[in-house]
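If you want the building blocks of each chain, they are given just below.
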Amino acid sequence: MKLIFLGPPGAGKGTQAAIISKKLNIPTISTGEMLRAAIKAGTPIGLKAKTFMDAGKLVPDEVIIGIIGQRLEESDCKDGFILDGVPRTIAQAEALENSGIDFDRVISLEVGDEAIVKRMSGRRVCAKCGATYHMESKPPKAEGLCDECGGELTVRSDDKPETVRDRLKVYHSETEPLKEFYAKRGRLREVHGDQDMAAATKAIEEALV
Ligand code: AP5
């Protein structure tokens, strides 16, 4: 299965990709995670990406197309993968198509803007392993600590309400047109992302059949 999870920031792409990845035994490839790792490691790509990410803007296509192309050549991708947060522009989608990848499904998680702004204020992320929590819908067992590795839970630097609003604007102008791109190819399935997590997982599984 070669899948894309589309949707606005905070729609639940990463949360659902982690669940579906385990079920299908295929890796999730998140450009957001890759860029945050590059920032942490202080690489030239990380330094370049940071200014765009902190401003809620997209990192330039050539950077993304380069890192995703390299990642997809790795051996764990040979039986399929989930792309989380990529492609995000028509140029990125065309680059993936031109490299010969035929996606089985493109799942678009639909959540309204106001629900997103509210949801993002409760997100916490493990500084060590990247696991995602929510103060109301998915709280950790011990306050401030990751259930998986005991790492410290932090607020992502781009989750401030004003940055979230900028990211939503960018989503509507740059990324939402991808729905039409993949609908024309018969691959798009829209799933309500504003239901509880288990119901959203079930709806995604139904869309994969
Ligand atoms: P990225 O890391 O990809 O962020 P995003 O797409 O904006 O998405 P998020 O990770 O914020 O949200 P999500 O949909 O994964 O939701 P989550 O599951 O965490 O990108 C960050 C930045 O990197 C971009 O702004 C850009 O600058 C750059 N970038 C990355 N890829 C790029 C690309 N291809 N091109 C150019 N630039 C790129 O859930 C959110 C919260 O809600 C969590 O707390 C979760 O627990 C909770 N939650 C999840 N589901 C539910 C539910 N059903 N009910 C209640 N709460 C829920």
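Before reading on, note that the structure itself is shown above.
Numbering of residues starts from 1 in each chain and follows the order in which that chain's sequence is written. Selection of residues for local features in this predicted model requires a pLDDT of at least 70, selection of side-chain atom pairs for listing and counting requires 80 or more, and totals for whole chains, interfaces and linings are taken over all residues. Here the side-chain values reflect all heavy atoms present in the structure, with hydrogen atoms and water set aside.

## Quick notes on the packing of aromatic side chains
Piece 1. Each Phe, Tyr or Trp ring (for Trp, its six-membered ring) is paired with any other whose centre lies within 6.5 Å, and the angle between the two planes then decides the class: stacked below 30 degrees, edge-to-face above 60, tilted in between. Evaluated as defined, the whole model comprises three aromatic pairs.
Piece 2. One aromatic cluster in this structure is built from Phe81, Phe103, Phe181 and Tyr182.
Piece 3. Only when the NZ atom of a Lys or the CZ atom of an Arg is both within 6 Å of the ring centre and within 35 degrees of the ring normal do we say a charge sits over the ring. Looking at Lys138, its charged tip hangs above the ring of Tyr133, at a distance of 5.3 Å from the centre.
Piece 4. If you follow Arg185 out to its NZ or CZ, it ends over the ring of Phe181, 3.7 Å from the centre.

## Focus on the pairing of strand 5 (residues 123–126)
Piece 1. For two strands to count as paired, DSSP must find a minimum of two bridges between them. For the purposes of this entry, the term helix denotes a DSSP run of H or I that reaches at least four residues, the term strand denotes a run of E that reaches at least two, and both are numbered from the N terminus. For strand 5 and strand 6 (residues 132–134), the ladder comprises three bridges, and the chain directions are antiparallel. Its bridge partner lying in strand 6, Val125 is registered against Thr132.
Piece 2. Count of turn residues in the strand 5/strand 6 antiparallel hairpin: five residues, of which Gly130 carries a positive phi of about 85 degrees.
Piece 3. Note that strand 5 and strand 7 (residues 153–154) share two bridges and pair antiparallel. Residue pairing in the sheet places Val125 in a bridge with Thr154 of strand 7.

## Structural notes on helix 5 (residues 90–98)
Piece 1. Per-residue accessibility, obtained with a 1.4 Å probe over protein chains only, is compared with the maximum for each type, and a residue is labelled buried under 20%, exposed over 50%, and partly exposed between these values. Within helix 5, the full set of buried residues consists of Gln92, Ala93 and Leu96. Buried residues of helix 5, viewed axially, fall in a sector of 100 degrees; they line one side.
Piece 2. Working rule for contacts: check all heavy atoms of both residues, and any pair within 4.5 Å makes them a contact. Those residues of helix 5 that are buried lie in contact with helix 4 (61–72), strand 3 (81–84) and helix 8 (177–184). Think of it as the arc spanned by the lines of direction from the helix axis to the C-beta atoms.

## Digging into the state of the cysteines
Piece 1. In what follows, a disulfide is any cysteine sulfur pair within 2.5 Å. Using the criterion set out here, one finds zero disulfides in the structure.
Piece 2. The cysteine Cys129 is free of any disulfide, with Cys146 supplying the nearest cysteine sulfur at 3.7 Å.
Piece 3. Residue classification places Cys129 among the partly exposed positions, given a relative accessible area of 42%.

## Remarks on the site of the ligand
Piece 1. Put simply, a residue is near a molecule or strand once any heavy atom of it comes within 4 Å of that molecule or strand. Close to the ligand lie 35 residues, the nearest being Thr15, Lys57, Arg88, Arg123 and Arg167.
Piece 2. In this structure, an oxygen atom belonging to the ligand sits 3.1 Å away from a main-chain N or O atom of Gly12.
Piece 3. Lys13 is positioned such that a nitrogen or oxygen atom in its side chain is 2.9 Å from an oxygen atom of the ligand.
Piece 4. At the level of secondary structure, the elements contributing two or more residues to the shell around the ligand comprise helix 1 (13–24), helix 2 (31–41), helix 6 (113–120) and strand 6.
Piece 5. Here the shell around the ligand gets four residues from one element, more than from any other, and that element is helix 2.
Piece 6. Throughout this entry, Asp, Glu, Lys and Arg are counted as charged residues, while Ala, Val, Leu, Ile, Met, Phe, Trp, Tyr, Cys and Pro are counted as nonpolar. The remaining residues, Gly among them, count as polar. Among the residues forming the shell around the ligand, the class breakdown is 12 nonpolar, 13 polar and 10 charged. Definition of a polar contact: a pair of N or O atoms within 3.5 Å, with one able to donate and the other able to accept a hydrogen when the atoms are protein atoms, and with sequence-neighbouring residues admitted only if both atoms are side-chain atoms.

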